[in-house]
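One letter stands for each residue in the lines below.
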Amino acid sequence: MASVEYLPGKQPHAREHRMIFRNVDRVGWDQSIETAIADGAYEMLKKAVTMERQAIINEVKASGLRGRGGAGFPTGVKWGFIPPTNTKPVYLICNADESEPGTFKDRYIMHQDPHQLVEGMAISAFAVKASLCYLYIREEFPHAAKIMEKAIAEARAKGFLGKNILGSGFDCEIYVHRGAGAYICGEETGLIESLEGKRPYPRIKPPYFPAALGLYMSPTIVNNVESLCHVKHILQMGGAEYAKLGTPNNTGTRILCVSGDVQKPGYYEVEVGKVTMGEVINDLCGGLKPGRSLKAIIPGGSSAKVLKADEKYKLKDGRELTIWDIPMDFDTMAACGSMAGSGGVMIMDDSRSMAWVINNLNKFYQHESCGQCTPCREGSPWMAKISDRIVAGNASPDDVDMLEQVANQIEGKTICAFGEAASWPTQSFVRKFRDEIKSVTKTDLSGKIVNEETKLAVAGLKA
Amino acid sequence: MSEASSAPAAKPPVDMVNVQINGTWHQFPKGTRMIEACKQVKAEVPHYCYHPKLSSPGNCRMCLVEMGMPPRPAPGTEPEKDEHGFAKIGWMPRPVIACANTVSEGMGIRTEGKLTEECRRGVMEFLLANHPLDCPICDQAGECRLQEFSVEHGQGESRFREDKTKKPKNVDIGPRIRLDDERCIMCSRCIRFCDEIADDPVLGFTERGTHTTVTIHPDKRLENNYSLNTVDICPVGALTSNDFRFQQRVWFMKETNSICTKCGRGCNTEISARSDTLYRQTPRENNDVNSTWMCDQGRLDFHFVNSEFRLTDPMVKTGGKHAIASWKKAIRTAADALRGLNGEEIAIIASARMTNEELYMVKQLAAATKAKFLDVIPRNGGGDNYLRSDELNPNTNGVKQILGIEPGAQLDTIQRAVRSGLVKGVIALGENLVKCGFDTESLGKLTVLVSAHILANPTAEASHVVLPVNSYAEKRGSMINVTGRLQRLNKAISSPGQARDTWEVLRDLVLEISGSNGLHSVDDVFKRLAAEVKCFEGLTLSRIGDLGVQVLETTETVPLLEREKERKAKGVIVG
């Protein structure tokens, strides 16, 4: 393959390992299939269709690839959940509903390298024996949807999709489905409901595990855009070779989407666990803004628990880490009490008010709660209303404690993981920044009526 | 289900599993939902969205319980056992919903304890956060799950200090139903009922999050014949019946188990009344008849009981005018007039809306008067693919069994004989003859027209003797429905004025015409039926019970029940 040149100002950092983003910002690159084929696209599909299906699944299992959507579940294991006795059609869904705040990796794949995704999907579809694939693109990515539609049409014209792909007897179609603007559609069962034309109410698990009872009650594999792209590279390198990238159990590369108070926010593809948080901030992102100090980091999309700058993390293996030493992987991040999630790293320096941050996050979750189950439907707006008052200076210190209690009442009691996504930020921010948040409250408001409605009602009663 | 707490851990029989509930071991069939297993051992789990006849979305989260399974032992080791010999349970840190999960071998469930209580208190607090708390003006008060579970699992004071979410109120969603969205807890029972049972998916959610609102789809109305069932299953006061709205506080009403007499199905009902006024009828569960549903037509067909047109006194016509008479005089007048005719001149038009006991007395009356003509008015039509039967009389099977006649077989002959003057005396029991092909003119020419009615009507007006009788809500008795099930009516309210039970009136008439017959109560009549009619053999009125007894083999099936059976077999519903 030819050496790769990048656009001026967009050159990858030396610490990066560009694989998925190899063609992002590349000089002379466009989204056409000709460009892609000249660069070796669809070679892996050609190889895949000559392979045994199980062999591909075994390679993916051997690679240790963990889902890049947020949960970090091993992709090969997920594929293995399709009941062996299944007689129904199998569906593959690519989850391109990239809506976790702070995450912006899938859009670049779709915008700049659509054929990588098409190839990844086709290979994965072949592996799990799915003849119908859906690419669920969020409403906010109209451009990506157009590009993907065009890429799929091109691939189809070249015989990489459609009937009897490359003479293998395998049929595969990919359809683009556009969401209507709901965060919950990123939850896989919510996405499936949406795809079925219904409100995206997540399903209860059990019994509706997608690998057994998914789209149209048939086995369905739902994978993130980045995860599916990795499949192509796993096939190219071999599972064992791929597993050498990154650290054990945290293999491969992943794209970090860094935003917030750093010099150079952006996307950085690194080997999982080979770069620490400090290196991300200081090397990749060129450090904090001048004269500022680090206050907090949300390491894996807005749903991840916040990490406080002066925290120390004692790990089971005896290591003691500061926030700067945490390697950007799945397991250590979990051991430090947060999660690698979707790779959205949000850096906050000392100019940020934590009360404002938590209010901002709560408002997002209030707005995006689907409203199906009680704790999340009623709890997330409650949290937003309390934090609204805190920011407005209309809250007492007790309200801060109650904010945490409301979050506790949501966590673990909902149908889907949205409950945790909504409550973890509040729980972690209040626990770690309680004093700061309380400092903007007023003690004399304790036990007082603070909302307009009740004030009116009481005034009415007195009159 | 059987208790196995003291017995050592034995391998359960095929298809049974050992489950520990609140520390005690029990056995349940495989596939039993956790919530039902708990219910069977009196560890009731509170719930809103779960309904055994509907799919389980698990959205209310009220039924969260603590659950555990025996941990998988390390290879080569035996699992640790408890004192009963069962593998020790590893309790999950997170609660699970009891409604949609099924029991499995070795499972432990705790419906009490810190975690479960915290969950319930939390869900209750959330449900009430944006609830208008307008119980004083809410029809559901007194039978509201929010109130009940708030008392049991909630807290006395609200911590919610914010403005509440505003939603539409008093929404007209159908001719019989009104919706208050602020009271709604989004359990989706009504939506699922319309989708799954009534095949009329007109309800749905709109908006999202805290603004989620149940609503009617554009240009649709909730007007199917089963719409009021949504009011029954609404756990709160969001859906209320226009008919019952603001009529009565539920705690003042007395409930009586009865059956609906609108068609041949005989849906089991609960009649709610306060001081001799009926306020509503609601379906009562009977999985051999109506599941837990009934049609709106049947449900609302009770207002005539409280009607101002009720006949309250026996009347005898003298000089072309009705005058109130004593029962004794009315019966004697009727008997005397009938005795003056010979059997060939007498026709009895009874009704397939009469109870078995009444029909038995009709038979006695026919014998006493030697009436040549006897028939009932057949009614058909309006059957649907759910519960409504095409047979509109509630006791046609009783007529066939007791009177041994085919409804309507003689009707033409009788009408002709009345017109020609061959028949001089007619006894009309519960049927308005004018509406059944008899003309007022020829009825006017009769020497004797005795009639027993609930409401004033042209036939009563034409009658020489009018006998006021009780409606279905004022009497005991039994009927056989279209599927051959013997079911019981019960007395919910007392008779208006001097009105009496039809069987009693007929007994007196027979007595007056022919002498003693030894019948003192409706139970005595049933005893005679049991002795004389095969299908009643070995039964008494009380032995029929609240759910009825299958007494006839019929080929008739209930479409709605058949579909429920299918869904139950698939595990979609509990049934």
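Residues numbered from 1 in each chain as written. Chains lettered and ligands numbered in written order. Predicted model: local features only at pLDDT ≥ 70, side-chain atom pairs only at ≥ 80, totals over all residues. Heavy atoms only, no water.

**Side note on the overall build of chain A**
Inference 1: When its secondary structure is counted, chain A shows 18 helices and 13 strands.
Inference 2: For 463 residues, the compact-globule estimate of 2.2 N^0.38 gives 23 Å, and chain A sits close to it at 23 Å.
Inference 3: Considered along the principal axes of its C-alpha atoms, chain A spans approximately 85 × 50 × 40 Å.
Inference 4: Across the 463 residues that make up chain A, the buried fraction comes to 60%.
Inference 5: For chain A, restricting intrachain contacts to residue pairs at least 6 apart in sequence, the fraction spanning at least 24 positions comes to 69%. (Helix = DSSP H or I, 4+ residues; strand = E, 2+ residues; numbered from the N terminus. Rg over C-alpha atoms; globule rule 2.2 N^0.38 Å. Buried < 20%, exposed > 50% of the residue type's maximum accessible area, 1.4 Å probe, protein only. Contact = heavy atoms within 4.5 Å.)

**Here we look at the packing of helix H16 (residues 397-410) of chain A against helix H17 (residues 418-439) of chain A**
Residue and element names in this part refer to chain A.
Inference 1: For the pair H16 and H17, the least separation of the axes is 8 Å and the interaxial angle reads 155°. Taken together, the axes of H16 and H17 lie roughly antiparallel to each other. For the element pair H16 and H17, the recorded crossing hand is left-handed. Between H16 and H17, the residues in contact are Pro397, Val400, Asp401, Leu403, Glu404, Ala407, Asn408 and Ile410 and Gly419, Ser423, Thr426, Gln427, Val430, Arg431, Arg434, Ile437 and Lys438, respectively.
Inference 2: Per-class residue counts for the contact of H16 with H17 are 7 nonpolar, 5 polar and 5 charged. (Axes fitted to C-alpha atoms, helices over the stretch in contact; angles between N-to-C directions. Parallel < 35°, antiparallel > 145°, perpendicular 65-115°, else oblique. Left-handed = near helix turned anticlockwise from the far one by under 90°. Nonpolar A, V, L, I, M, F, W, Y, C, P; charged D, E, K, R; others polar.)

**Description of the nonpolar core**
Inference 1: By size, the foremost hydrophobic cluster in this structure holds 98 residues, and its most contacted members are Phe429 of chain A together with Tyr48, Phe193 and Leu203 of chain B.
Inference 2: The element best represented in this core is H17 of chain A, accounting for 7 residues.
Inference 3: If you look at the next biggest cluster of nonpolar residues, it comprises 65 residues, including Ile56, Ala155, Ile174 and Ile234 of chain A. (Core = buried A, V, L, I, M, F, W, Y, C linked by side-chain atoms within 4.5 Å.)

**Re the interface of chain B and chain A**
Inference 1: Taken together, the contacts link 36 residues of chain B with 45 residues of chain A.
Inference 2: In total, about 3,300 Å² of surface goes out of reach between chain B and chain A, with carbon and sulfur atoms giving 49% of it.
Inference 3: Looking only at chain B, the three residues that lose the most surface to chain A are Phe126, Arg161 and Arg208 of chain B, adding up to 27% of its buried area.
Inference 4: Note that Lys166 of chain B is salt-bridged to Glu453 of chain A, the shortest N-O span being 2.1 Å.
Inference 5: Applying the counting criterion to the chain B and chain A interface returns 26 residue pairs in polar contact (both at pLDDT 80 or more).
Inference 6: Secondary structure elements with two or more residues in the side of chain B that touches chain A: helix H2 (114-129) and strand S10 (203-206) of chain B. (Buried area = accessible area lost by both parts, 1.4 Å probe. Salt bridge = Lys/Arg side-chain N within 4 Å of Asp/Glu carboxyl O. Polar contact = N/O pair within 3.5 Å; in protein donor to acceptor, adjacent residues only side chain to side chain.)

**Some thoughts on helix H4 (residues 189-197) of chain B**
Residue and element names in this part refer to chain B.
Inference 1: In terms of residue burial, H4 counts as a mostly covered element, since 7 of its 9 residues are buried.
Inference 2: Burial in H4 covers these residues: Arg189, Cys190, Ile191, Arg192, Phe193, Cys194 and Ile197.
Inference 3: Close packing links the buried residues of H4 with S10, strand S11 (213-216), helix H5 (229-233), strand S12 (239-241) and helix H16 (559-569).
Inference 4: Following H4 by one or two positions, Asp199 has its phi on the positive side, about 50°.

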